[in-house]
Each structure stands twice: as structure tokens, then as C-alpha cells.
Amino acid sequence: MKTILVTGANGEIGHGLISRLAEQPNLRIIALDLHELEENIKAKCYRVVTGDILDTALLESVSATYNFDTIYHLAALLSTKAERQPVLAHKVNVDGTLNLLEMAVGQSRVQGREIKFLYPSSIAVYGLPDLQKKERAGKVKEHEWLTPRTMYGINKLYCEQLGIYYAQHYRQLDAEAVRGHIDFRALRFPGLISAVTVPTGGTSDYAPEMLHAAAQAKPYPCFVREDTRISFMVMPDAIEALLGLEAAPRERLTRLVYNATAFNPSAGEIYELVRRAFPKAQVTFVPDLKRQKIVDSWPTDIDDSAARADWDWKPAYDFKRAFEEYLVPGVKQQYAVTDSVQYN
Ligand code: AKB
């Protein structure tokens, strides 16, 4: 029996991950979130803890109760929300991660073995200075353009480094070898699109928002230009990527932080596929210049060749397949769209 801790369980990735983990036998999921979990997700968990990752007494009590094999630390404030509340974002994204890393070290000491720590990072760690350089940069590798211009991107980049520190150099000056080891693995996600949930507080949210609005026959003013291009991935692939990285044999990994992506359409190309599925979709492009600047600083594409080589990462969904086989059928079912009534 494996015991898994998922923080940020109520978020988009949390929902997808818990549903997928719950399909596996011999696994107990302990879910932690600031907010009460939705009933259908709750039912898939062995225990649900409602509380704050900044509450160290709560973390100590959870840690004293369970022996974790793997921690998926998903809780975070996304980029738009983090710009509006930078101090809170720093607390949650950085101090929260530090608390979880400390918890993992403590668990490792008590259990006498390595604890896996999976950390979703983001394309927000990159920062391209202008559109010309973004265009010229093409597919960005893990070590390039690490000059983020958002609080969220800075938090993610720093926490990747914190994780590496805990995995490789933790208390390096101690006279006696330190007990407690973390097997830290981070995955830099592109924008994510789910057929089931709509994200809150992100800046890549225009893609899922456009689709979900169209499925509900709601007008959508898109907050970026039509030619805006960044990488995306659908939620089932994001979950498979996390599980794939978790399962990869340590000796095959050449890095602790990996890019992973699937496709990189422009906002206009996303609109094309949305309109094909929902011909009456009312999308207008009304760029919010400040949010636009953030998306313009993220690369048009990222190079995930290391993930492909080291742990056989390969998305199941390309752009067309994502819409035809996952997103459109998913949102139609979710909003009970009957083509003949609303969209023919
Ligand atoms: C956001 O928009 O903040 C996130 C991200 C790109 O990590 N979706």
C-alpha cells in the first residue's frame, strides 16, 4: 500500500491527478486543500485535510499520522492572481513549498528512505524581453531565458532551486551525514486546458476560458491578441506527464527539472477550432495590455527533448486530436450541449 499526499487537491491538476491515482490499486490518497473538497473528489481520497500549507502545526500533525511515499505539491497561486497579491503569492508559493520540503525531509528521516517530491513548475519561469526575441528564441530549453517577470514565475524558478538544494546539498556543512533524502522532480508545464474544469488566476487561461464560454453560448472577450502564441497541453496529458516523471527510474534522469509540452497554437488558431465545434461562438479579441505583456514574455514553444529521451514523455494529444477527441466532447457533455438545439 502506497500513501500519497496531494496538496492543492481542489485545483485543476489536483482534480485530474486524484481521479487518475484513484484508478490504481493499493494506493491511499491524502488530499490537502485550503477549501473543502468537491464531493466526487472527496470520495476518491482516503482522507481529506482542509487547511493551509502555511500552517506548520497542521503539516506536523498530518506528517505524524501518515508515512508518505510520494508528495505531489500542487498548491500555488497562479500568475495573474500572484501579480494582484504578490506578498500572499510569495508566502503560499515559496514558504508553502519550503514547509512541504521540510515535511518531506522529516518523513524521510522517520521512514529511513527517500521520499519522492513531485513539483509542477511552469513556462512562467521563462522571461523573453520582447516579441522579436520571443520569435527568434523558438523552442526554449530548460537552461535558457530564465529571467521571469512575474511573481509566480520567480516563485516557481526559486522553488525548483530549493527542491534541487534539498535533494542534493541539504545541510551540506553538518559534521555528520544528514539523514533524510528527497527525490525531487519538477515538471515545467505549459498552459493547461481541461474539458472539466476552468482554471482561476492564470494568464494562459484565455484558451480554456474561450472554449468553456463557447460551450455555454456565452460571449468571450479574449484578453490577448489573436497572434499570441505559447505552448499548451490538455489535462490528461499533464497528469500522464506527472505520473511518468514520478515513475521514471532515478538513474535514467539526467536533470531534476524538465520541460514538457504538446502543441503551441496562436489564440486565433484556438478560436478556429472552437468555432468549428461551436459555430455560434462569440469571441472578440480585446487585449488587456498588461496581461498581454506577461504572455508575450513566455516562449512560443519549449523544447522537451530531455523529457522525451530520459523518461519517454510523449503527449497523447496533438492540437487537432485534443479538440476532436477530448476537449469538445468533454465540454459538450459537461454543459449538456445538444448540437441540434444550440449550434446547428
Ligand atoms: C498561469 O497562467 O499562471 C499558469 C501557468 C502558465 O503556469 N497556467
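Residues numbered from 1 in each chain as written. Predicted model: local features only at pLDDT ≥ 70, side-chain atom pairs only at ≥ 80, totals over all residues. Heavy atoms only, no water.

**Here's the deal with the packing of aromatic side chains**
- Going through the model one piece at a time under the given rule, you end up with 15 aromatic pairs.
- Here the aromatic rings of Y271 and F285 are separated by 5.9 Å at their centres, their planes lie at 70 degrees, and the arrangement is edge-to-face. Within this pair, whereas Y271 is found in helix 10 (residues 267-277), its partner F285 is found in strand 12 (residues 283-285), the two being separated by 14 residues in sequence.
- Looking at Y271, the relative accessible area reads 11%, which means it is buried.
- Classification of F285 as partly exposed rests on a relative accessible area of 23%.
- Clustering of aromatic rings is evident, with ring pairs tying together Y46, Y66 and F68.
- A cation over a ring is seen here: R275 above Y271, with NZ or CZ 4.6 Å from the ring centre.
- Residue placement shows R291 over the ring face of F223; its charged tip is 3.7 Å from the ring centre. (Phe/Tyr/Trp six-rings, centres within 6.5 Å; stacked < 30°, edge-to-face > 60°. Helix = DSSP H or I, 4+ residues; strand = E, 2+ residues; numbered from the N terminus. Buried < 20%, exposed > 50% of the residue type's maximum accessible area, 1.4 Å probe, protein only. Lys NZ or Arg CZ within 6 Å of the ring centre and 35° of its normal.)

**Focus on the environment of R229**
- As for its placement among the helices and strands, R229 is situated in the loop between strand 9 (220-222) and strand 10 (232-234).
- With relative accessibility at 27%, the residue R229 sits in the partly exposed group.
- Residues R229 and E36, spaced 193 residues apart in sequence, show a C-alpha to C-alpha distance of 35 Å.

**Describing the sheet that holds strand 11 (residues 257-259)**
- Across the sheet, which stays open at both edges, the seven strands sit in the order 3-2-1-4-5-7-11 with parallel pairing between neighbours. Lying at the two open borders of the sheet, with one neighbouring strand each, are strand 3 (47-50) and strand 11. Strand-to-strand twist across the sheet, computed as the mean angle between neighbouring axes with direction ignored, equals 20 degrees.
- Here strand 7 (residues 182-189) pairs with strand 11 via three bridges, running parallel. Looking across to strand 11, one finds that A186 is bridged to V257.
- Where helix 9 (residues 235-247) meets the sheet, its contacts fall on strand 4 (70-73), strand 5 (115-122), strand 7 and strand 11, and the angle it forms with strand 7 comes to roughly 155 degrees. (Pairing = 2+ DSSP bridges. Axes fitted to C-alpha atoms, helices over the stretch in contact; angles between N-to-C directions. Contact = heavy atoms within 4.5 Å.)

**Looking at unusual backbone geometry**
- Of note in the backbone geometry, R171 takes a positive phi value of approximately 50 degrees without being a glycine.
- Of note, R171 is situated in the loop between helix 7 (151-168) and strand 7.
- With a relative accessible area of 41%, R171 lands in the partly exposed category.
- We note that A336 has phi near 45 degrees; this positive angle belongs to a residue other than glycine.
- Among the structural elements, A336 can be located in the loop between helix 13 (319-334) and helix 14 (339-342).

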